[in-house]
Amino acid sequence: MSSTSASERPRIAIGGILHETHTFMEQPTTLADFELGSLCRGEDLLREMSETRSGIGGMIEAASARGWRLLPTLYATAMPAGTVSADAYQTLLRDLLDCLRGALPLDGLLLALHGAMVAEGELDVEADIVARAREIVGAETPIVVLLDMHGNISPRLVDVADVLLAYDTNPHIDSHARGLEAVDVMARLLRREIVPTAAYARPALLLPPQSTGTDDQPLTLLHARAAEMEAEAAVVCIAVMAGFAYADTPFCGASIIVTTDNEPELARKYARELSDLLHARRDAATPHSLGPPDAVAQAAQIENGPAILVDSADNIGGGTPGDGTDALAAMLAQGAQEGAIVLADAEAVALCRDAGTGATVTLDVGAKSDNWHGESVRVTGRVEALSDGVFRPELPDNHFAAFYGNEVHMGRCAWLRVEGVNILLTERKTPPMDLAQLRHIGIIPEAQRMIVVKSAVAYRAAYLPIATAVIEMDTAGLCSANLSRFPYRHLKRPVFPLD
Ligand SMILES: [Zn+2]
């Protein structure tokens, strides 16, 4: 299939379909969700994705610098959410493959994929994409794939691709750099300088997302050892895959892919060593948390509040509804004094508004979006205040500014006081990224004994400066770090920490 002599510009096709699929979320991800994200074809792909700090942006930059003839296909991403509909996946795949056929003859194919995408009827999306592309480009044309390190990798994907690379950082600050590296690897393949030989190892280990930071153990250690191996001339690249525990597929979980230059034994040895190392450090990957009753009891012992009760299972930034009630139920059961919680519940806001400020109301709050976030709690309380739910963040460098701009709109809000507990009811779910969220309606964050935050990490900039303690809770929710809460059907067992 190779089209050019060495003196001509190599013809390299480029494209990608990326999604991190939470298969336990009920709502499917549709084509409309990809249209809300990024969806571009042909020359639009080069226009829209070049000069971005994304992986494909890095690929475009490096390939252009080398003077390659880039043949854009399709690039599509959507926010992490439920299983991708069969219609959306088949449409995107068909478009990508049609463009690929139109780009023949080719010298190489560069793909940006996630690794944890799941579609209705297809559990191994990335292997399917690469295998279908392989049928078109032929066995001799190199295919280099850049993955997110949250990908769940199957042996089949390792077989059908020539080289798999992955981000080395989480947060993913090196995606652009890895795009540059993918082009370097492709250049070596085009010069026939290397014969990529990959080995795959799986430590049978699920890491909750809370444990996949590359500045924390166990991944810091893995990357340090992988970097030593990569410094050897025989090693082309190493992908340390943390996996995405909420995508229920047979190969869900951590994995290691070591690619060498024609050294199969070395590849196997290193893949096994890294896999064993990760497995040996598995206890470092288990977050420690308290059940909500214990967490509330501990917070109540702390003299000068507020203690921050972290409800990371209902992490709004991770796509959950922000209406989980486990922590509220525990605060009410123990008669917590000056406890605060924000719940997204438009129906409850409407009831409070109808009753008016100063009225006493009895109503059910929270847990109305799905069956994953506890049960609605019947409360009787006083409507302390109503608001339009608009606030300007107090933090100067608010990292939600890219999303909200300078004003945050939570929809209309009500402050409902139930015994000693202050409930901020909002029409729209809003992550706890700023103290003005509470203060705008009159709840003083510094005067609380305990504050529940529905977030994994994003709350820290605003809340750590006033916190006297941080207590991680094991609550119900679709972003729970307690993986035994999820009804896996496809995952290959046994696997740590489930078995
Ligand atoms: Zn990721």
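Residues numbered from 1 in each chain as written. Predicted model: local features only at pLDDT ≥ 70, side-chain atom pairs only at ≥ 80, totals over all residues.

Caption draft 1: A look at the packing of helix α4 (residues 86–103) against helix α5 (residues 125–137). Closest axis-to-axis distance for the α4/α5 pair is 10 Å, and the angle between their directions is 25 degrees. Considering their axes alone, α4 and α5 lie roughly parallel with respect to each other. As α4 runs across α5, the sense of the crossing is right-handed. Mapping the contact onto sequence places Y89, L93, L97, L100 and R101 in α4 and V125, I129, R132, A133, I136 and V137 in α5. (Axes fitted to C-alpha atoms, helices over the stretch in contact; angles between N-to-C directions. Helix = DSSP H or I, 4+ residues; strand = E, 2+ residues; numbered from the N terminus. Parallel < 35°, antiparallel > 145°, perpendicular 65-115°, else oblique. Left-handed = near helix turned anticlockwise from the far one by under 90°. Contact = placed C-beta atoms within 7 Å.)

Caption draft 2: Inspection of the sheet that holds strand β2 (residues 38–41) at higher detail. The six strands are arranged β2-β3-β1-β4-β5-β6 in an open sheet whose pairing can be described as mixed. Two strands bound the open sheet, and with one partner strand each, they are β2 and β6 (163–166). Across the sheet, the mean angle from the axis of one strand to that of its neighbour is 20 degrees, orientation sign disregarded. Relative to strand β3 (residues 69–77), β2 is paired through four bridges, and the arrangement is antiparallel. Considered in β3, the bridge of C40 is made with Y75. Sitting on the sheet, α4 touches β1 (11–18), β2 and β3, and the angle it makes with β3 is about 175 degrees. (Pairing = 2+ DSSP bridges.)

Caption draft 3: Focus on the sheet that holds strand β9 (residues 255–261). In space, the three strands of this open sheet follow the order β7-β9-β8, with antiparallel pairing throughout. The open sheet has two edge strands with one neighbour each: β7 (196–201) and β8 (235–241). Recorded for the sheet is a direction-independent mean angle of 15 degrees between the axes of neighbouring strands. Across six bridges, β8 lies against β9 in antiparallel orientation. Within β9, the residue paired with A239 across the bridge is I257. Where helix α9 (residues 264–280) meets the sheet, it contacts β7, β8 and β9, and its direction lies at approximately 30 degrees from that of β7.

Caption draft 4: Inspection of the environment of L97 at higher detail. Relative to the assigned elements, L97 resides in helix α4. C-alpha separation for the pair L97 and A199, spaced 102 residues apart in sequence, amounts to 27 Å. Residues in contact with L97, not counting those within four places in the same chain, are R132, A133 and I136.

Caption draft 5: Broad picture of the nonpolar core. Judged by nonpolar contacts, the single largest core of 101 residues is most densely connected at L164 and I257. Ranked by residues supplied to this core, first place goes to α4 with seven residues. Residue contacts for L164: discarding those within four places in its chain leaves V145, L147, L157, V158, A198, A239 and I257. Core analysis: the next-biggest nonpolar cluster, separate from the first, contains 50 residues, L309, A330, M450 and Y459 among them. (Core = buried A, V, L, I, M, F, W, Y, C linked by C-beta atoms within 7 Å. Buried ≥ 20, exposed ≤ 12 C-beta atoms within 10 Å, placed from the backbone.)

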